[in-house]
Amino acid sequence: MTYTIPSNCFDCGICMPKCPNDAIQKDKNHGYWIEPGLCNECEDQNSQPLCVASCPDSLPLPLPAKKGRYKSEPVDLSTNYLFANGENNPISSSIVTWEACNLLASGPLASWQTDEEGKLYFQRDVKQGKGKIVFRLIDDLLSDNPEALDATDGLEKIESLDIRAACIHLIFAASITALEKPWEEEFLIDNKQIEAYLGFEKRKDLSKATKLTLIKNIVLQACQLMVSIDWFQQGKIQSFSVPEDPVWHLVDIENHFQEDVHGYKYFVGMTFKIKAGIWSQYFLNKQGYKKFIAFYQYGILPKFLLTTVTTIRHQHTGAARIMLWLIFKSKMGRQQRITVPKLMNIAYGEAKVQEASLDSDKRKHMLKRFENDLEVLHSYQIKCVFDPITYPFKIQPLWSKLQDVPDDAEEAAEFWINDASKEHSITSTLKRGKWNLLMKARILQFELPPEWDKQLTKWENKKQKKTKYKKQPQNSLYISGEEIASSRKRLGISQRKLAEQIGKSQSWIRDIEKGRFSLKPSDSLKLVEVLEINPY
């Protein structure tokens, strides 16, 4: 049972500094109140809680269990609900939002430094040092003039970072795409929206008070970054500088209460008022983009990604970090040759990767984690396409090799018989040198789920502005999955080999042959050429 401050309190404030958990807070509309998710009745005290002992009227009282449902007045929000189509939503995809997301997801793994004044900072050089972006941590989020934290306090905050704060950051970055001038306009978002976006509404193991405290904590974490920018001339857009300013201004927090007939106040919700920092005037400015004085950079945020990161953050933190990173990386084009060391640095931090390179036991552990994380990504339809030259079959994960096993029982038996006669079978492990080979390996691309990929395809085609597109008749290059499978078997080509030849994953070939989705014209042309099919 937690405690509450009843409505007949004189608001003297004596109890506030006595609370060891900062559970007693002052609200502009409701006086002093106790956040139930933080109150633990001063467990370390043998007698009564400190707030009760300090109050001349002993007013903080035990809060009885609430009867009935939590009800709060509907809030008029200045932004619409995200994911109107049920699948995805536009999101600001500038380098500022990308790096801020990485920092919130990485926590202590990021390369934070200390300046001459003892202040903590993270610097990202742009275009070989022509420009730079510097992040710092804020001391007082509601202050009009926040200051950067020193190394001691800053590192303590970094250690406590929750990766779900990165998800809140993405929600904010998606919300401002609906605003004409996000650097001037504020938007509102309440706890119910955040619960829906992150999947908290399904968490029956969390009490209402625990959910509200958790939401408030991760929102505060998402708002604790401050950024300054020195940008270089890029095309017609001249160089510019942005002074230190919060990435997200936490303008206000409005707490909502429900009071019963006995005067007990129950904390039932909260609404956050947010405004984007000055950076958005330079990187999410539609009118400025038309006048060549600013950028207008946006990408796509898949709805499933937020709940997925929330679900896997404990057991597969590395996979969650890669997912968040791919939101922005995928906007740069599909044929991005991503090195394995780069992915490992994102997932586990440069320091951890360096430690693993010097210790055999840590290498084995990291290799296992990396391959497991790739499998987790694959299970969510984020499928990596291995470079057949630098990432050959012999060093690919076992789960990937097993994708080649036929579903049919007789074909599978024949497959394993043939595999056993080979010098290096699927189950053979590379005992030495695998780490060194992986440090030179690349992933050609990540195939993305339909709700993510189709919008990227649409934007990519629009950006390319193809002028010499020869439209084929609708059925002129139609190839069925059965025809692909029979032609492949006729030529004695395995699914893995065919995937390598056309730059796809083996699971993609299997899905096509099973008829799980249709082919694009460009992929049909590749298959026609490789499999010697006559489609006419």
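Rules of the game
Residues numbered from 1 in each chain as written. Predicted model: local features only at pLDDT ≥ 70, side-chain atom pairs only at ≥ 80, totals over all residues. Heavy atoms only, no water. Helix = DSSP H or I, 4+ residues; strand = E, 2+ residues; numbered from the N terminus. Buried < 20%, exposed > 50% of the residue type's maximum accessible area, 1.4 Å probe, protein only. Contact = heavy atoms within 4.5 Å. Areas by Shrake-Rupley, 256 points an atom, 1.4 Å probe, with all protein chains shown as cover. Lys, Arg positive; Asp, Glu negative; His and termini not counted. Salt bridge = Lys/Arg side-chain N within 4 Å of Asp/Glu carboxyl O. Polar contact = N/O pair within 3.5 Å; in protein donor to acceptor, adjacent residues only side chain to side chain. Pairing = 2+ DSSP bridges. Axes fitted to C-alpha atoms, helices over the stretch in contact; angles between N-to-C directions. Parallel < 35°, antiparallel > 145°, perpendicular 65-115°, else oblique. Left-handed = near helix turned anticlockwise from the far one by under 90°. Nonpolar A, V, L, I, M, F, W, Y, C, P; charged D, E, K, R; others polar. Phe/Tyr/Trp six-rings, centres within 6.5 Å; stacked < 30°, edge-to-face > 60°.

A few words now on the overall build of the protein. On a plain count of helices and strands, the protein comes out with 21 helices and 17 strands. For the protein, the proportion of its 536 residues judged to be buried stands at 51%. Put simply, of all contacts in the protein between residues at least 6 apart along the chain, 70% involve residues at least 24 apart. For the protein, the exposed area adds up to about 28100 Å²; of that, 47% sits on carbon and sulfur atoms.

Mapping Arg 313 onto the fold places it in the loop between helix 9 (303–312) and helix 10 (317–329). Look at Arg 313: it is buried, it has no salt bridge, and the nearest opposite charge is Asp 162 at 4.3 Å. Among the polar contacts made by the side chain of Arg 313, one reaches the side chain of His 314 at a distance of 3.1 Å. Other than its neighbours up to four places away in sequence, Arg 313 contacts Asp 162, Ile 163 and Arg 164.

To continue, consider the pairing of strand 17 (residues 442–447). Among the six residues of strand 17, five are classified as buried, and the element is accordingly described as predominantly covered. Sheet analysis places strand 15 (residues 338–339) next to strand 17, joined by two bridges and oriented antiparallel. Each bridged residue has a counterpart across the sheet, and for Ile 338 the counterpart in strand 17 is Ile 443. The pairing of strand 16 (residues 383–386) with strand 17 spans four bridges and is antiparallel. Bridge pairing in strand 17 places Val 385 opposite Gln 445.

Burial runs high along helix 20 (residues 506–513): eight of the eight residues are buried. Gly 515 sits one or two residues past helix 20 and shows a positive phi near 75°.

One pass over the full model with this rule turns up 15 salt bridges. For the salt bridge of Glu 244 with Arg 136, the shortest nitrogen-to-oxygen distance reads 2.7 Å. A residue pair is termed long-range when its members are at least 10 positions apart, and Glu 244 in strand 11 (residues 240–246) and Arg 136 in strand 8 (residues 131–137) qualify at 108 residues. Relative accessible area serves as the criterion here: at 41%, Glu 244 is assigned to the partly exposed category.

Here we take up the sheet that holds strand 13 (residues 265–276). The three strands lie next to each other as 9-13-12, forming an open sheet whose pairing is antiparallel. The sheet is open, and its two borders are formed by strand 9 (186–190) and strand 12 (248–259), each paired with just one other strand. For this sheet, the mean inter-axis angle between neighbouring strands, taken without regard to orientation, is 25°. Inspection of the sheet shows strand 12 paired to strand 13 by 11 bridges, in the antiparallel sense.

So, about the sheet that holds strand 17. Reading across from one edge, 15-17-16 is the order of the three strands in this open sheet, with antiparallel pairing throughout. The strands lining the two open edges of the sheet, one partner per strand, are strand 15 and strand 16.

Our next topic: the packing of helix 4 (residues 164–175) against helix 5 (residues 191–198). When two helices pack together, their arrangement is captured by the angle between the axes and the distance separating the axes. Direction vectors running N to C along helix 4 and helix 5 enclose 110°, while the axes themselves pass 11 Å from each other. With respect to helix 5, the axis of helix 4 lies roughly perpendicular. Note on packing geometry: the crossing formed by helix 4 with helix 5 is right-handed. Every residue of helix 5 that contacts helix 4 at Cys 167, Ile 168 and Ile 171 is listed here: Ile 194, Tyr 197 and Leu 198. Residue composition of the contact of helix 4 with helix 5, by class: six nonpolar, no polar and no charged.

Scanning all chains against the criterion turns up 21 aromatic pairs. The interplanar angle of 10° and the centroid separation of 5.7 Å between the aromatic rings of Phe 283 and Phe 295 together place this pair among those described as stacked. Placement of Phe 283 in helix 7 (residues 279–283) and of Phe 295 in the loop between helix 8 (286–290) and strand 14 (298–302) is noted, with a sequence separation of 12 residues between them. Judged on exposure class, the residue Phe 283 and its partner Phe 295 are both buried.

Mapped onto the fold, Tyr 380 is located in the loop between helix 13 (360–379) and strand 16. Residue classification places Tyr 380 among the partly exposed positions, given a relative accessible area of 28%. The spacing of Tyr 380 and Leu 305 is 75 residues in sequence and 9.2 Å in space, taken between C-alpha atoms.

Geometric values such as these leave the question of function open.
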